[in-house]
Amino acid sequence: MHVKAVTHVNDAEAPTTPAVRLLLVDDDPLVRAGLRLMLGGAADLEIVAEASDGGEVLPLVDRYAPDVVLMDIRMPTVDGLAATEALRRRPRSPQVIVLTTFHADEQVLRALRAGAAGFVLKDTPPARRTRARTLLGQLNDREREVAVAVGQGKANAEIGAALFMSVATVKTHVSRILAKLDLSNRVQIALLAHDAGLLDRE
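Residues numbered from 1 in each chain as written. Predicted model: local features only at pLDDT ≥ 70, side-chain atom pairs only at ≥ 80, totals over all residues. Heavy atoms only, no water.

Per an unreviewed UniProt entry, the chain goes by LuxR family transcriptional regulator and derives from Streptomyces varsoviensis.

Caption draft 1: A look at the UniProt feature "modified residue: 4-aspartylphosphate" (unreviewed entry) in the chain. In this numbering, the UniProt entry assigns the feature "modified residue: 4-aspartylphosphate" (unreviewed entry) to D72. With respect to the element layout, D72 can be found in strand β4 (residues 68–72). (UniProt positions renumbered as here; feature names shortened; annotations may be inferred. Helix = DSSP H or I, 4+ residues; strand = E, 2+ residues; numbered from the N terminus.)

Caption draft 2: Region of the structure containing the confidence of the model for the chain. Scored by pLDDT, the chain has a mean of 82; 86% of the residues are at 70 or more. Here strand β1 (residues 2–5) is the element of the chain with the lowest mean pLDDT, 46, and helix α2 (residues 57–64) is the one with the highest, 95. Here residues 2–15 is a poorly scored stretch, pLDDT under 50, and it has 23 contacts once near neighbours within four places are set aside; other chains count. (pLDDT = per-residue confidence, 0-100. Contact = heavy atoms within 4.5 Å.)

Caption draft 3: Region of the structure containing the side chain of N156. Counting through the fold element by element, N156 comes out in helix α7 (residues 156–163). Polar contacts involving the side chain of N156 include one to the side chain of R186, which spans 2.7 Å. (Polar contact = N/O pair within 3.5 Å; in protein donor to acceptor, adjacent residues only side chain to side chain.)

Caption draft 4: Spotlight on the environment of E50. Note on placement: E50 falls in strand β3 (residues 45–51). For the pair E50 and D26, spaced 24 residues apart in the sequence, the C-alpha separation amounts to 8.0 Å. In this structure E50 touches L23, L24, R32, R36, E56 and L60, once residues within four positions along its chain are discounted. A distance of 3.0 Å separates polar atoms of two side chains, one belonging to E50 and the other to R32.

Now the structure itself:
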């Protein structure tokens, strides 16, 4: 996943400035994992909590007092627009940055009018998709099936049951995938499968 920032939270700050407290809200666990990977290492950011639906936002804001909410615009139960409107009606609410796939989405404009501070584009550019597919082309068919299952968030036992193999064999395939593609963990396998568009077909 690639994110292109159209706005930013803070300009350059002094090194002693406290980290910006961030709440991630997205119904896709892969997107949240990708954001954690990209933002987690920043010294001036602290991811204090995550939510998978807009309905979880208000309680988490009350509990963790984030400075910024990074919020997906499209979620199945309570979408980012409704959550933004509810949040910005409150006094001393955190800033909201909405996540979207499109530059000029009508919902984004409505979110901005509701008080969102800006928006961030999330997409997988063609060049990154091509690279991901090239890398996954190094895998044999079975390894590719395992990579897709990892991308779907399945545990080893679930993968074994779905692909009719033992858990030990699944672990072996995962280890081979990591070695072949020079990856460090399952999250990276999942993100690569996502970028390659393999999960879109499932």
